[in-house]
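As a plain string of letters, each chain reads:
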There are 2 protein chains.
Amino acid sequence: MTSKMYVEILQKIYRIIEEDGLSAGDKIPSERELSERLKAGRSSVREALRSLEFLGIIETRRGEGTYLKEFGEHQLIDLLGMFILQDKKAKADLVETKWLIEQLCLLLACERRTEAQLDELKGFIQQKTIDYETFFKWVLKAGHNYLLERIWRVLNDFFRLQHEDVSLPLTFYEYTWTALKERHIANVLALFTEYVTKRS
Amino acid sequence: MTSKMYVEILQKIYRIIEEDGLSAGDKIPSERELSERLKAGRSSVREALRSLEFLGIIETRRGEGTYLKEFGEHQLIDLLGMFILQDKKAKADLVETKWLIEQLCLLLACERRTEAQLDELKGFIQQKTIDYETFFKWVLKAGHNYLLERIWRVLNDFFRLQHEDVSLPLTFYEYTWTALKERHIANVLALFTEYVTKRS
DNA sequence: AACGTTAGGTGGTCAGACCAGTTTGGTTTG
DNA sequence: CAAACCAAACTGGTCTGACCACCTAACGTT
C-alpha cells in the first residue's frame, strides 16, 4: 500500500454508485458489505464514509443504513462556513456580507419574479405572517439561484447566533412589494438601505 | 451517547488547537494521545481526523505525525467535483453566482481602495503580469471583506474545475483601473459586464 | 385483523494487534 | 573525536473481533 486506502475506497465507492445506478435517496451497501466487496477493513470503509458524510454527500442513519443525499442538501457551504467563520475577522464581516448578498438576491428577484410569486408574497403581507426570514426565503426562491440561496442560509444561520431577530415594520414589506411589482430596482435597494442597513 | 462522537471530537480537537495555541504548520498531538485526552477510541479519533484531512485542514505524514495546514490547498474541491460535476443546474448557478460576487467585490474595492493599492495594481498592469485571478485577488484585498474573499475563493476553485482560464485583454484592466481611480462605480460595473458577462 | 415479540441487520464505538514508515539516541567504528 | 551504524521508540495505516444502540420485518399470539 503506497497511497491512502481511504482515497481508493472513495473512488471505488463512487464506481459502485455508478455501476449500481444509484441516485439521490437510494441506499448504498452496508459498511460490512462494502468491506467485503472492496476487500478492506470496516474501519477503513468507515473513514471514507465519514468524509463523505461530513461533506453532506451521504447520510447515515443508525440501525437503518447509509443513503445518498441530494446535491441540494450538500453541506459544502455550511462546512466551509463552520471553518471559515471561526475567524474573528470573518465574523466582523458577517453582517456586511449578509447585507450585500441580500441586496444581490433582491436584485435577482426584482428581475425574475413572476406574477404568481408576487401574489404569494402579497398573501404573506396581508395575513401579516411576514417576517424577515420568510421574506428573504421568498426573495431567494424568486431569484432562482440555488447556490446563492445556500450561501445566504449559512450566513443567516450564523447571524442568528450572534444577533437578535430582525423585526421590520409592515410598511417595509408593502413598499418593497410595490417596487418589486414595478421592477424598480433602485427603489428596492433604497428601501433596503433605509430600513435595514441604516438601522444598525 | 446520543449525538455523533466524531462531531464532538472535532470540536474538542479544535479546542485543543486553540488552547495549545497551534497554527498552520504546527504538529498536533498524536492519535494515541488524542484518544487518551479525549477519552475516545482511536478509531473515532481517526474518523474525525480523516474528515479534517479530507477538507485539507490537516495533513498526516506516516511515521511523523499530523500537522495543521493552511486553509487554501483544499483538494476537497477535486474530490467533491467528482460527485457534483453532473448537476447541470448547480453548474449554471455557479457561473452566475461567481459573477455576482465579483461585481459585489468590485463595488467594495471601488469604495475602499487606497492610493497605495492603486499603485500596486498599476504595477501589475504595467508589468503585464496581470491575469483574471491576480486581478480579483487584488480586488478582494482592496474590498476588505474577508468573508467575501473566502466565498469567492471557493467559487473560483469550483469554477476552474469546469472552465478554461479566463483571459481578458489588457485594456480591460487598464480601463477598470481608471474607473477605480475615479471611484466611478457605474463604469467599473459596465466594464465588467462588457468584458466578462457578455463574453459567454 | 390487530397487536406484541423477537431475531437479524445496520451504524457507532472500542480495544488490541500488527505493519510500515520516521526519528532519536546510543554504540560501534574509522 | 567524528562519522557511520543500528536498534528502540515513536508515528500513522490497517485489520479483526467484539460489543452496544437502534431500526425493521417477520413471526407469532391474541
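Relevant structure appears above.
Thresholds applied
- Residue indices follow the written sequence of each chain, beginning from 1 at its first position.
- The lettering of chains begins at A and the numbering of ligands begins at 1, in the order of writing.
- This being a predicted model, a pLDDT of at least 70 is required before a residue's local features are given, and a value of 80 or more before pairs of side-chain atoms are given or counted; all residues contribute to the totals for chains, interfaces and linings.
- For side-chain calculations, the full set of non-hydrogen atoms in the structure is used, while hydrogens and water are omitted.
- Nearness is judged by heavy atoms alone; a residue qualifies as near a molecule or strand once a single heavy atom is within 4 Å of it.
- Between N or O atoms, a polar contact is any pair within 3.5 Å; within protein, one atom must be a potential hydrogen donor and the other a potential acceptor, and residues adjacent in sequence are included only when both atoms are from side chains.
- For helices the rule is a DSSP run of H or I covering at least 4 residues; for strands it is a run of E covering at least 2, with both sets numbered from the N terminus onward.
- Under the scheme applied here, ten amino acids are nonpolar (Ala, Val, Leu, Ile, Met, Phe, Trp, Tyr, Cys and Pro), four are charged (Asp, Glu, Lys and Arg), and all others, including Gly, are polar.
- Buried residues are those whose accessible area, probed at 1.4 Å on protein chains only, stays under 20% of the maximum for their type, while exposed residues exceed 50% and partly exposed ones sit between those limits.
- Contacts are assigned to residue pairs with any non-hydrogen atoms lying within 4.5 Å of each other.
- The term salt bridge refers to a side-chain nitrogen of Lys or Arg lying within 4 Å of a carboxyl oxygen of Asp or Glu.
- To estimate the expected span of a helix, count its residues, drop one, and scale the result by 1.5 Å.
- Taking the helix axis as origin, the arc is that swept by the directions to the C-beta atoms.
- Think of a nonpolar core as a cluster: buried Ala, Val, Leu, Ile, Met, Phe, Trp, Tyr and Cys residues, connected wherever their side-chain atoms sit within 4.5 Å.

1. Considering the protein's contact with DNA strand D
Alright, step 1. Taken together, 25 residues form the shell around DNA strand D, and within it M5(A), G41(A), S44(A), R32(B) and R42(B) come nearest.
Alright, step 2. When atoms of DNA strand D within 4 Å of the protein are split into backbone and base, the sugar-phosphate part holds 64%.
Alright, step 3. The side chain of S30(B) places a nitrogen or oxygen atom 3.4 Å from a phosphate oxygen of DNA strand D.
Alright, step 4. In the model, a base oxygen of DNA strand D is placed 3.3 Å from a nitrogen or oxygen of the G63(B) main chain.
Alright, step 5. Elements represented by at least two residues in the surface near DNA strand D include exactly α3 (42-55) of chain A together with α2 (31-37), α3 (42-54), β2 (58-61) and β3 (65-68) of chain B.
Alright, step 6. Residues belonging to the surface near DNA strand D are distributed by class as follows: 2 nonpolar, 9 polar and 14 charged.

2. Points about the environment of I185(A)
Residue and element names in this part refer to chain A.
Alright, step 1. For I185, the position within the fold is in helix α10 (residues 185-197).
Alright, step 2. Take I185: its relative accessible area is 31%, and that puts it in the partly exposed class.
Alright, step 3. Spatially, the C-alpha atom of I185 lies 9.5 Å from that of L108, the residues being 77 residues apart in sequence.
Alright, step 4. Aside from chain neighbours lying at most four places away, what touches I185 is L107 and C110.

3. Points about the protein's contact with DNA strand C
Alright, step 1. As a structural note, the neighbourhood of DNA strand C is formed by 25 residues, with R42(A), M5(B), G41(B), S43(B) and S44(B) the closest of them.
Alright, step 2. Within 4 Å of the protein, the contacting atoms of DNA strand C are 64% sugar and phosphate, with bases supplying the remainder.
Alright, step 3. Between G63(A) and DNA strand C, the recorded distance is 3.0 Å, taken from a backbone N or O atom to a base nitrogen.
Alright, step 4. Where the surface near DNA strand C is concerned, the elements lending two or more residues are α2 (31-37), α3, β2 (58-61) and β3 (65-68) of chain A together with α3 of chain B.
Alright, step 5. Here the surface near DNA strand C is composed, by residue class, of 2 nonpolar, 9 polar and 14 charged.

4. Details of the pattern of salt bridges
Alright, step 1. Within this structure, the stated rule accounts for 34 salt bridges over all chains.
Alright, step 2. The closest approach of N and O atoms between E102(A) and K98(A), which form a salt bridge, is 3.1 Å. Of the two residues, E102(A) and K98(A) are both situated in helix α5 (residues 88-112); the distance of 4 residues between them amounts to about one turn of the helix.
Alright, step 3. With relative accessibility at 0%, the residue E102(A) sits in the buried group.
Alright, step 4. The closest approach of N and O atoms between R113(B) and E115(B), which form a salt bridge, is 3.8 Å.
Alright, step 5. Sharing partners across several salt bridges, the network here consists of E31(A), R42(A), R46(A), R50(A), E53(A) and E47(B).

5. A look at the side chain of R50(A)
Alright, step 1. When you line up the elements, R50(A) lands in helix α3.
Alright, step 2. In this structure R50(A) touches E31(A), T60(A), Y6(B), E47(B) and S51(B), once residues within four positions along its chain are discounted.

6. Some points on helix α9 (residues 170-181) of chain B
Residues and elements named next belong to chain B.
Alright, step 1. Counted at 1.5 Å a residue, the expected span for α9 with its 12 residues is 16 Å, and the 17 Å between its end C-alpha atoms agrees.
Alright, step 2. Turning to α9, its buried residues are F172, Y173, T176, W177, A179 and L180. Looking down the long axis of α9, one finds its buried residues gathered within 165° of arc, a one-sided arrangement.
Alright, step 3. In the stretch just after α9, R183 is the one whose phi turns positive, near 55°.

7. Overview of the nonpolar core
Alright, step 1. If you look at the biggest cluster of nonpolar residues, it comprises 79 residues, and the most contacted ones within it are F135(A) and F135(B).
Alright, step 2. A per-element tally of this core places helix α5 (residues 88-112) of chain B first, with 11 residues.
Alright, step 3. Filtering out sequence-adjacent residues up to four positions away, F135(A) remains in contact with L106(A), L121(A), I130(A), F172(A), Y173(A) and T176(A).
Alright, step 4. In this structure, V45(A), L49(A), L38(B) and V45(B) belong to the second largest nonpolar core, which totals 39 residues.

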